[in-house]
2 protein chains.
Amino acid sequence: MKLTTYTDYGLRTLMFMACLSPGARSSVVEISNYYDISRNHMVKVVVQLVNLGYLNSVRGRNGGITLAKAPKDIRIGQVIRGLENNLNGVDCESPGCKLVPVCRLTRALKTGMEAFLTAMDEFTLADLVSDNAEQIIAILKIDNR
Amino acid sequence: MKLTTYTDYGLRTLMFMACLSPGARSSVVEISNYYDISRNHMVKVVVQLVNLGYLNSVRGRNGGITLAKAPKDIRIGQVIRGLENNLNGVDCESPGCKLVPVCRLTRALKTGMEAFLTAMDEFTLADLVSDNAEQIIAILKIDNR
């Protein structure tokens, strides 16, 4: 049971942005390179983070992306709600489950998933880079402007 | 974010068994046919449910599987702990994440996952077939002995 790679990359992106100096710009290319992950995947994730209001996209030659909110105001449960495509806990469709009309498991999982998200809302982006931002910068070799 | 198909099938198997008359036997072939899912997958799931003590395996010509505990004594969180291969919430290995040594996200996810499992422990197998066993029997067309 794990987050999709999409959500994982989204959280890594926000953690990266939160380690930069306030207001500093970055880009999909830069973040993909630092983490050594697919640029194609990253583009979609970043577009969604812009749509959700966590990132600002700045156009032009000196463009890029910036964090749109203070890290302390970004709740991790909320980010996961915005990025995950399935928060039901199971996929009843493939292969299709005959029990769908009478299933009590899906109800129980809804309760469990809400408990997970509520627990994750106790963490903000600031918590994820509170005492380790310097180490993240060193590990990723971030050229912090 | 969802359970693996493996865990999903395990829970469906237990729900099926809990709908039978107490002590009634079934088999991998029968359950695969009722749910219309792969027998190969089902074999592995059932072996693991036997290993975990949720099912008894009975050898011989009239052999098969039986439920090893009363449904009210089977906690769904415990079943999930036994069947899921990853309860970390993310896969830090593929592709390998450079932040592993200093990551605070994995710590936060551990808390979230524990909240999920604790919430799921509030449900027993009996809760999943409490008022809908007749409907499940009808939908799956179970020949209830």
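Residues numbered from 1 in each chain as written. Chains lettered and ligands numbered in written order. Predicted model: local features only at pLDDT ≥ 70, side-chain atom pairs only at ≥ 80, totals over all residues. Heavy atoms only, no water.

Q: How should the pairing of strand S1 (residues 55-58) of chain A be read in this particular structure?
A: It is a general feature of regular strands that their side chains alternate between the two faces of the sheet. Residue and element names in this part refer to chain A. Note that S1 and strand S2 (residues 64-67) share 4 bridges and pair antiparallel. Looking at S2, one finds that Leu55 is bridged to Leu67. Here S1 folds back onto S2, and the loop between the two strands holds 5 residues, one of which, Gly60, carries a positive phi near 105°. (Pairing = 2+ DSSP bridges. Helix = DSSP H or I, 4+ residues; strand = E, 2+ residues; numbered from the N terminus.)

Q: Just checking my understanding: could you explain the side chain of B:Thr7 for this structure?
A: Residues and elements named next belong to chain B. Looking at where Thr7 falls in the secondary structure, it is placed in helix H1 (residues 5-19). By relative accessible area, Thr7 is classed as buried at 0%. Once residues within four sequence positions are removed from consideration, Thr7 is found in contact with Ile80, Leu83 and Glu84. (Buried < 20%, exposed > 50% of the residue type's maximum accessible area, 1.4 Å probe, protein only. Contact = heavy atoms within 4.5 Å.)

Q: Could you clarify how one ought to interpret the relation of the copies chain A and chain B in this entry?
A: Turning chain A through 180° and shifting it by 0.0 Å along the axis lays it on chain B, with an RMSD of 0.0 Å. Here the copies are linked by what is in effect a two-fold axis. Relative to the rotation axis, the C-alpha of A:Phe116 is the closest in chain A, positioned 2.4 Å from it. (Least-squares fit on C-alpha atoms with pLDDT ≥ 70 in both.)

Q: Just checking my understanding: could you explain the nonpolar core for this structure?
A: Nonpolar side chains tend to gather and get buried jointly when the protein is soluble and globular. Counting 100 residues, the largest nonpolar core has A:Leu14, A:Met15, A:Phe16, A:Phe116, B:Met15, B:Phe16 and B:Phe116 as the members making the most contacts within it. Setting aside its immediate chain neighbours within four residues, A:Leu14 contacts A:Leu49, A:Tyr54, A:Leu55, A:Leu67, A:Ile74, A:Val79 and A:Leu125. (Core = buried A, V, L, I, M, F, W, Y, C linked by side-chain atoms within 4.5 Å.)

Q: Please clarify how the packing of aromatic side chains should be interpreted in this entry.
A: All names here are of chain A. Tallied over the full model, the rule gives 4 aromatic pairs over all chains. Measuring from ring centre to ring centre gives 5.2 Å for Phe16 and Tyr34, while their planes differ by 40°; the resulting arrangement is tilted. Here the residue Phe16 occupies a position in helix H1 (residues 5-19), and Tyr34 occupies one in helix H2 (residues 28-35), the gap between them amounting to 18 residues. Tyr34 carries the same exposure label as Phe16, and that label is buried. A connected cluster of aromatic rings, assembled from ring pairs, spans Phe16, Tyr34 and Tyr35. (Phe/Tyr/Trp six-rings, centres within 6.5 Å; stacked < 30°, edge-to-face > 60°.)

Q: Help me understand the packing of H1(B) against helix H4 (residues 76-83) of chain B in this model?
A: Between two packed helices, the angle of one axis relative to the other and the distance separating the axes together describe the packing. Residue and element names in this part refer to chain B. Relative to each other, H1 and H4 sit at 135°, their axes nearing to 9 Å. Overall, the two elements H1 and H4 adopt an arrangement that is oblique. Judged by the twist between their axes, the crossing of H1 over H4 is right-handed. Within the contact between the two elements, H1 uses Tyr6, Thr7, Gly10, Leu11 and Leu14 and H4 uses Ile76, Val79, Ile80 and Leu83. Of the residues in the contact of H1 with H4, the class split is 7 nonpolar, 2 polar and no charged. (Axes fitted to C-alpha atoms, helices over the stretch in contact; angles between N-to-C directions. Parallel < 35°, antiparallel > 145°, perpendicular 65-115°, else oblique. Left-handed = near helix turned anticlockwise from the far one by under 90°. Nonpolar A, V, L, I, M, F, W, Y, C, P; charged D, E, K, R; others polar.)

Q: Just checking my understanding: could you explain the pattern of salt bridges for this structure?
A: When their charged atoms lie close together, side chains carrying opposite charge are able to pair. Counted by the stated rule, this structure contains 10 salt bridges over all chains. For A:Asp121, the salt bridge identified is with A:Arg81, shortest N-O distance 2.8 Å. With A:Asp121 in the loop between helix H5 (105-120) and helix H6 (125-128) and A:Arg81 in helix H4 (residues 76-83), the pair connects residues that are 40 residues apart, well separated along the chain. On the basis of relative accessible area, A:Asp121 is assigned to the buried category, the value being 15%. With its nearest N and O atoms 3.3 Å apart, the salt bridge here joins B:Asp73 to B:Lys72. Judged by relative accessible area, B:Asp73 falls into the partly exposed class, the value being 45%. (Salt bridge = Lys/Arg side-chain N within 4 Å of Asp/Glu carboxyl O.)

Q: Hey, could you run me through the interface of chain A and chain B in this one?
A: Reports of interface size often rely on the accessible area that becomes lost once the parts have come together. Residue-level contacts link 47 residues of chain A with 48 residues of chain B. Roughly 4,300 Å² of surface becomes buried between chain A and chain B when both sides are summed, with 71% attributable to carbon and sulfur atoms. Broken down residue by residue, the surface that chain A buries against chain B is led by A:Met1, A:Lys98 and A:Arg104, which jointly contribute 19%. Between the two partners, chain A and chain B, sit 2 salt bridges. With a closest N to O distance of 2.9 Å, B:Asp131 and A:Arg104 form a salt bridge. Summed over the shared surface of chain A and chain B, the result is 10 residue pairs in polar contact (both at pLDDT 80 or more). When contributions to the side of chain A that touches chain B are tallied by element, the ones reaching two or more residues are H1, H2, H5, H6 and helix H7 (133-140) of chain A. Tallying contributions element by element places H5(A) first for the side of chain A that touches chain B, with 10 residues. Looking at side-chain class alone, the side of chain A that touches chain B contains 29 nonpolar, 8 polar and 10 charged residues. (Buried area = accessible area lost by both parts, 1.4 Å probe. Polar contact = N/O pair within 3.5 Å; in protein donor to acceptor, adjacent residues only side chain to side chain.)

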